[in-house]
Amino acid sequence: MARKDELLTVAEVIAELRVARATFYRWRQLGKAPRSIKYPNGDVFIRRSELERWLSSHEEAAA
């Protein structure tokens, strides 16, 4: 079982979301992507808990 707050790479997140890397970075630029952590070397990580929270916030209500 994965730790709740494991750090995911951008590659792992876009694979899970099934979106292009450019789409993910456009969402980041627009402030619509999951909150991320940017290391001083430029690497970007997303906490598993933040990705799950972000996905929940985008769920549509039942019709």
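Computed from a predicted structure; not experimentally measured. (Residues numbered from 1 in each chain as written. Predicted model: local features only at pLDDT ≥ 70, side-chain atom pairs only at ≥ 80, totals over all residues. Heavy atoms only, no water.)

Residues Val 10, Val 13, Ile 14 and Leu 17 constitute the buried set of helix α1 (residues 10–17). Seen along its axis, α1 keeps its buried residues to an arc of 95°; they face one direction. Of the surrounding elements, those touching the buried residues of α1 are β1 (7–9), α2 (21–30), β3 (44–47) and α3 (48–57). Phi for Arg 18, located one or two positions after α1, is positive at around 60°. (Buried < 20%, exposed > 50% of the residue type's maximum accessible area, 1.4 Å probe, protein only. Helix = DSSP H or I, 4+ residues; strand = E, 2+ residues; numbered from the N terminus. Arc of directions from axis to C-beta. Contact = heavy atoms within 4.5 Å.)

What follows concerns the packing of aromatic side chains. All told, the structure shown has three aromatic pairs when counted by the stated rule. Each ring, one from Phe 24 and one from Tyr 25, has its centre 5.7 Å from the other, and the planes form 85°; the classification is edge-to-face. (Phe/Tyr/Trp six-rings, centres within 6.5 Å; stacked < 30°, edge-to-face > 60°.)

Before going further, it helps to examine the pattern of salt bridges. A full pass over the atoms with the stated rule returns four salt bridges. Here Arg 35 ties to Glu 50 by a salt bridge, and the two come within 3.8 Å at their closest N and O atoms. One end of the pair, Arg 35, is in the loop between α2 and β2 (37–38); the other, Glu 50, is in helix α3, and 15 residues separate them in sequence. For Arg 35, a relative accessible area of 64% corresponds to the exposed category. What makes Glu 50 buried here is its relative accessible area of 8%. (Salt bridge = Lys/Arg side-chain N within 4 Å of Asp/Glu carboxyl O.)

Turning to the packing of α1 against α3, a few remarks are in order. How two helices pack is summed up by the angle between their axes together with the distance between the axes. Contact geometry of α1 with α3 gives a least axis separation of 12 Å together with a crossing angle of 30°. With respect to α3, the element α1 is oriented roughly parallel. For the pair α1 and α3, the crossing hand works out as right-handed. Contacts from Val 13, Glu 16 and Leu 17 of α1 reach α3 at Arg 48, Leu 51, Trp 54 and Leu 55. Residues that form the contact of α1 with α3 fall into these classes: five nonpolar, no polar and two charged. (Axes fitted to C-alpha atoms, helices over the stretch in contact; angles between N-to-C directions. Parallel < 35°, antiparallel > 145°, perpendicular 65-115°, else oblique. Left-handed = near helix turned anticlockwise from the far one by under 90°. Nonpolar A, V, L, I, M, F, W, Y, C, P; charged D, E, K, R; others polar.)

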